[in-house]
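What follows is the residue order along each chain.
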Amino acid sequence: MKKALLIALLLAFAAGTAIAQNNNGFGQGAGGNGGNVGNGGNGGNAGGNGRVERMTEQLGLDEGQAAQIMAIVEASQSLHDEEQERFRQMSREFRDNANAEILLLLTPEQAAMHEELQQQRAEFRRALEDACGEGGYGRGGRGTRDCGN
């Protein structure tokens with residue numbers, strides 16, 4: 001039962017991610033990033049501000065409406081960030097559990113090589129994060145997969 005629920009959760013997340021990437025986020029304006037990404041996809045306040053600014057301009061919102069919408073956007077982003085962190089933690093646990101099961105099947109030589117390969121991948125990821133700054137590889141915007149933004 002837990003596996004079925006987990007698979008359904010992962011599929012729903014993957015589908016949502018694919019749709020968002022396909023649409024470059026929701027509310028795409030001319031030349032914009034959709035407003036929901038903000039500061040290079042880090043969930044910063046600038047994304048909400050840009051979205052509310054566009055809505056104010058396009059819909060003629062008054063200050064009260066804009067403030068209420070900003071509060072909604074910020075609360076939504078906060079919930080999104082919390083859920084995303086929970087998902088990352090679950091993913092780490094799944095990878096760790098799978099890795100432990102895999103190691104049980106490997107010979108000592110294979111296990112040593114497997115560990116070495118994992119260390120190489122970790123070093124590569126750290127080097128990319130160092131080269132790309134705090135955001136890391138692939139976080140410069142939707143689908144860019146580079147740090148040259």
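It should be noted that the structure appears before, not after, this text.
Just so you know, these numbers come straight off a predicted model, no measurement behind them.

Q: I keep staring at the overall build of the protein chain and nothing clicks. Help me out?
A: When you go through the protein chain residue by residue, the secondary structure sums to four helices and zero strands. From first element to last, N terminus to C terminus, the protein chain shows the α and β order α-α-α-α. Looking at the protein chain as a whole, 19% of its 149 residues qualify as buried. When contacts within the protein chain are restricted to residue pairs at least 6 apart in sequence, those whose partners lie at least 24 apart make up 33%. Total accessible area computed for the protein chain in this model is approximately 11100 Å², and 56% of it derives from carbon and sulfur atoms.

Q: Where do I start with helix α3 (residues 63-105) in this structure?
A: In an α-helix there are 3.6 residues to a turn, and that puts residues three or four apart on one side. For α3, spanning 43 residues, the distance from its first C-alpha to its last is 63 Å, which sits close to the expected 63 Å at 1.5 Å a residue. Taken together, the buried positions of α3 are occupied by Ala66, Ile69, Met70, Val73, Phe87, Ser91 and Asn99.

Q: What am I meant to see in the nonpolar core here?
A: Inside soluble globular proteins, nonpolar side chains tend to come together where they are buried. By size, the foremost hydrophobic cluster in this structure holds six residues: Val52, Leu61, Ala66, Ile69, Met70 and Val73. At four residues, α3 tops the list of elements feeding residues into this core.

The rules we used
Numbering of residues starts from 1 in every chain and runs along the sequence as written. Local features in a predicted model are, by the rule used here, given only for residues with pLDDT of at least 70; side-chain atom pairs are given and counted only at 80 or more, and totals for whole chains, interfaces and linings are based on all residues. Hydrogen atoms and water are omitted, and side-chain values are computed over all heavy atoms in the structure. Only runs of H or I of at least four residues qualify as helices and only runs of E of at least two qualify as strands under DSSP, and these elements are numbered from the N terminus. Only protein chains enter the accessibility calculation, which uses a 1.4 Å probe; a residue whose area is less than 20% of its type maximum is buried, one above 50% is exposed, and one in between is partly exposed. Contact criterion: two residues are considered in contact whenever any of their non-hydrogen atoms come within 4.5 Å of each other. Note on areas: Shrake-Rupley, 1.4 Å probe, and residue coverage restricted to the protein chains presented here. The span you would expect from a helix comes to 1.5 Å times its residue count less one. As used here, the term nonpolar core means buried Ala, Val, Leu, Ile, Met, Phe, Trp, Tyr and Cys residues forming a set that is joined through side-chain atoms within 4.5 Å.

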